[in-house]
Amino acid sequence: MKALALDLLLAMRGSARDLLPIVLVVAFFQLVVLQQPLPDLGRILSGSLMVVVGLALFIRGLEYGLFPIGETMAYGFARKGNIWWLLAFAFALGFSTTVAEPALIAIAEEAAKVAAGGGMIADTEAARADYTLGLRITVALSVGAAVALGVVRIIKGWPIQYFIIGGYIGVMLMTPFAPREIVGIAYDSGGVTTSTVTVPLVTALGVGLAASIKGRNPMVDGFGLIAFASLTPMIFVMGYGMLI
Amino acid sequence: MDGLLSLAATAWATLRDILPIAVILFGFQVFVLRRPIPNLPRVMLGFVYVLIGLALFLEGLEAALFPLGRLMAEQLTDPAFLYAGAAAGLQPCWLDYLWVYAFAAAIGFAAPIAEPSLIAVALKANQVSGGTISVWGLRVAVALGASVGIALGTFRIVSGLPLSGVIIAGYLIVIVQTLFAPRAIIPLAYDSGGVTTSTVTVPLVAALGLGLASTIPGRSPMLDGFGLISITVMCPMISVMGYAQLSEWRARRAARNHAARAGSTG
């Protein structure tokens with residue numbers, strides 16, 4: 001118990017250092033550039049304390065929970081040797097972590113407003129809700145497919161650059177044909193889908209798989225799942241915009 | 001009391017985010033892999049830590065930093081601040097926005113340093129590379145890339161350059177670097193783009209983009225406010241590969257110097 005508390009205190013010192021740059025930037029611009037006092041200093045201090053404690057707990061949680069379970073499961077699937085279960089798991093992980101992602105919900109609602117404003121769908125509550133849900137499912141499907149494809153790449157040991165560069169060339173080719181209003185949202189949807197819980201899990205899964213398959217190098221083959229997950233939503237969202 | 005209530009709401013929202021993941025993990029573990037999880041109590045403790053940690057983290061950001069960051073983005077893009085020095089009636093020029101670029105670059109560097117997913121990937125990369133990739137080296141390389149990316153993205157909104165042009169030019173650089181960068185860094189570099197734009201960076205950056213696009217005459221928040229994130233995803237790929245190329249080049253030069261010195265003395 002005492003060891004745990006000490007461990008957390010150490011982690012908190014690290015998180016305070018991580019948070020310091022943001023605090024300095026915000027304070028500098030507020031006091032020097034905009035020349036305004038910091039509003040509600042007590043709230044800022046208590047909030048910053050919460051951020052520091054929260055980040056420290058999260059980092060320890062990664063090391064105790066998310067990383068080990070990601071790796072244990074990767075070893076388990078590699079030993080079981082059934083690729084279909086592994087792919088089902090990869091797809092389910094990608095889909096389920098994305099469909100409820102708050103950042104994605106926000107961006108999908110924004111996209112529905114743009115689409116309604118551009119006359120692509122009827123400007124009613126129901127049409128917008130339909131569009132939002134359709135977009136969320138599209139992106140979640142694309143992330144699920146991306147993680148599954150990335151797992152196949154790790155198993156086969158294919159070089160990642162052909163996929164990623166090929167994918168971005170695909171994005172470029174689609175851009176002129178997609179509705180102008182959707183392009184910015186499609187590009188951004190790639191970045192927002194990978195959440196704070198997904199990233200450590202998926203990274204541990206990839207690295208664990210590469211480490212437990214003979215002939216694969218965790219550094220060269222283990223990373224790259226997130227790159228797939230940030231690329232495919234661009235393609236799928238533009239495709240969605242072109243179809244609807 | 002209000003604070004406690006909103007903390008409970010955030011904890012509930014985080015639980016709802018984590019629950020489907022936990023169900024899938026434990027479901028596959030129990031029904032498909034059919035193996036006990038080693039160290040189960042510790043793993044459970046880890047999940048509890050992640051849950052409480054994320055809730056506190058998000059709540060603290062929402063209480064302390066986000067309102068100020070958003071307010072700042074609004075104030076910096078406010079015409080009253082922007083054109084205070086300029087004669088009235090003149091067409092604003094891109095130079096009037098220097099403080100905006102400075103803020104974009106500064107927050108673009110600071111936010112990824114506090115980004116939990118980036119810390120996670122940096123820890124893993126350090127462990128997998130056997131210490132060759134330092135945790136701070138990777139985080140600073142990514143933060144520098146994001147800093148340039150966000151500054152470039154705000155400049156694009158101000159100047160009205162087409163988004164696809166910037167993206168195409170950036171990915172051409174990525175392709176050329178891929179040909180020359182050390183092979184082991186490429187997947188990690190590609191990952192670092194998507195990892196950067198997460199819990200801390202996205203809300204701050206999105207506020208800046210929308211604020212700018214709604215202030216500048218002739219820009220629409222719908223068309224121009226978006227796109228900042230995609231430039232922020234792209235630039236860390238370039239900076240991480242650049243960092244690896246630079247360290248490889250320095251190692252090679254050091255080895256050559258060493259060899260030359262050994263040759264002259266021996």
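About the cut-offs
Residues numbered from 1 in each chain as written. Chains lettered and ligands numbered in written order. Predicted model: local features only at pLDDT ≥ 70, side-chain atom pairs only at ≥ 80, totals over all residues. Heavy atoms only, no water. Helix = DSSP H or I, 4+ residues; strand = E, 2+ residues; numbered from the N terminus. Buried < 20%, exposed > 50% of the residue type's maximum accessible area, 1.4 Å probe, protein only. Contact = heavy atoms within 4.5 Å. Areas by Shrake-Rupley, 256 points an atom, 1.4 Å probe, with all protein chains shown as cover. Lys, Arg positive; Asp, Glu negative; His and termini not counted. Charge placed at Lys NZ, Arg CZ, Asp CG, Glu CD. Domains from an automatic or database assignment. Phe/Tyr/Trp six-rings, centres within 6.5 Å; stacked < 30°, edge-to-face > 60°. Lys NZ or Arg CZ within 6 Å of the ring centre and 35° of its normal. Polar contact = N/O pair within 3.5 Å; in protein donor to acceptor, adjacent residues only side chain to side chain. Core = buried A, V, L, I, M, F, W, Y, C linked by side-chain atoms within 4.5 Å. Patch = residues over 30% accessible without salt bridge, like charges linked within 9 Å, V, L, I, M, F, W, Y side chains within 5 Å. Salt bridge = Lys/Arg side-chain N within 4 Å of Asp/Glu carboxyl O. Buried area = accessible area lost by both parts, 1.4 Å probe. Nonpolar A, V, L, I, M, F, W, Y, C, P; charged D, E, K, R; others polar.

Take the overall build of chain B next. When helices and strands are counted, chain B shows eleven helices and zero strands. Along chain B, from the amino end to the carboxyl end, the secondary structure elements read α-α-α-α-α-α-α-α-α-α-α. Seen through its principal axes, chain B has C-alpha atoms that stretch 70 × 70 × 30 Å. Burial analysis of chain B (266 residues in total) assigns 51% to the buried set. Sequence-distant contacts, at least 24 apart, represent 78% of the contacts inside chain B between residues at least 6 apart. Accessible surface, chain B as shown: approximately 11500 Å² in total, 69% of it carbon and sulfur. Here chain B contributes 15 positively and 11 negatively charged side chains, and the mean placements of these two sets differ by 21 Å.

The next thing to look at is the side chain of Ser230 of chain B. Assignment of secondary structure puts Ser230 of chain B in helix H11 (residues 228-265). Note on Ser230 of chain B: relative accessible area 2%, which makes it buried. Those residues within four positions of Ser230 of chain B in sequence are excluded, and the remaining contacts are Tyr187 and Asp188 of chain A together with Leu163 and Ile167 of chain B.

All right, on to the domain arrangement of chain B then. Domains assigned within chain B are domain 1 (1-60) and domain 2 (77-265). Between the C-alpha centres of domain 1 of chain B and domain 2 of chain B there is a distance of 31 Å.

This next bit is on the packing of aromatic side chains. Counting across every chain of the model gives 15 aromatic pairs over all chains. Aromatic side chains Phe28 of chain A and Phe29 of chain A sit 5.4 Å apart centroid to centroid with 85° between the ring planes, which places their arrangement in the edge-to-face category. Residue classification places Phe29 of chain A among the buried positions, given a relative accessible area of 3%. With centroids separated by 5.3 Å and ring planes inclined at 55°, the aromatic side chains of Tyr131 of chain A and Tyr240 of chain A adopt a geometry described as tilted. Note that Tyr131 of chain A is positioned in helix H5 (residues 125-156) and Tyr240 of chain A in helix H10 (residues 225-243), a separation of 109 residues in sequence. As far as the burial class goes, Tyr131 of chain A and Tyr240 of chain A line up, both buried. These aromatic residues form a ring-pair network of at least three members: Phe28 and Phe29 of chain A together with Trp99 and Phe103 of chain B. Positioned above the aromatic ring of Phe67 of chain A, the side-chain terminus of Lys124 of chain B is 4.4 Å from the ring centre.

Quick look at the environment of Lys80 of chain A now. Assignment of secondary structure puts Lys80 of chain A in helix H2 (residues 41-80). In sequence terms Lys80 of chain A and Ala11 of chain A are 69 residues apart; their C-alpha atoms lie 36 Å from each other. Residue contacts for Lys80 of chain A: discarding those within four places in its chain leaves Trp85 of chain A together with Val32 and Leu33 of chain B. Within polar-contact distance, the side chain of Lys80 of chain A engages the backbone oxygen of Val32 of chain B at 3.2 Å.

Within the largest apolar cluster, 157 residues are counted, with the highest numbers of intra-cluster contacts made by Phe89, Tyr131 and Tyr187 of chain A together with Leu25, Ile185, Leu188 and Tyr190 of chain B. For this core, the domains that each give at least three residues are domain 1 (1-60) and domain 2 (77-265) of chain B. Apart from the residues within four sequence positions on either side, Tyr190 of chain B is in contact with Ile160, Gln161, Ile164, Ile165 and Ala227 of chain A together with Val174, Thr178, Met237 and Met241 of chain B. Of all hydrophobic cores here, the second largest spans five residues; its members include Leu8, Leu57 and Tyr64 of chain A together with Leu56 of chain B.

Another point: a nonpolar patch on the surface. A grouping of Phe91, Leu133, Ile137, Leu141 and Phe236 of chain A is seen on the molecular surface, where their side chains present a nonpolar patch of about 390 Å² in accessible area. Counting through the fold element by element, Phe91 of chain A comes out in helix H3 (residues 83-99).

With that out of the way, let us pick up the pattern of salt bridges. Counting across every chain of the model gives seven salt bridges over all chains. Overlapping salt bridges, with partners in common, bring together Asp7, Arg60 and Glu63 of chain A in one network.

With that settled, the discussion passes to the interface of chain A and chain B. The partner chain B presents 91 residues to the 92 residues of chain A that form the contact. Contact between chain A and chain B buries roughly 8200 Å² in total, counting both sides, with carbon and sulfur atoms accounting for 80%. Put simply, chain A and chain B have two salt bridges between them. The residue Asp18 of chain A makes a salt bridge to Arg139 of chain B at a minimum N-O spacing of 2.7 Å. Across the chain A-chain B interface, the total number found is 14 residue pairs in polar contact (both at pLDDT 80 or more). Broken down by element, the residue count for the side of chain A that touches chain B peaks at 28 residues, all from H2 of chain A. When grouped by side-chain class, the residues that make up the side of chain A that touches chain B number 58 nonpolar, 21 polar and 13 charged.

Turning next to the side chain of Asp188 of chain A. Tracing the sequence through the fold places Asp188 of chain A in helix H7 (residues 180-192). Despite its burial, Asp188 of chain A pairs with no opposite charge; the closest candidate is Arg156 of chain B, at 8.1 Å N-O. In terms of polar contacts, Asp188 of chain A uses its side chain to reach the backbone amide nitrogen of Ile229 of chain B, at 3.4 Å. Residue contacts for Asp188 of chain A: discarding those within four places in its chain leaves Ile107 of chain A together with Phe226, Gly227, Leu228, Ile229 and Ser230 of chain B.

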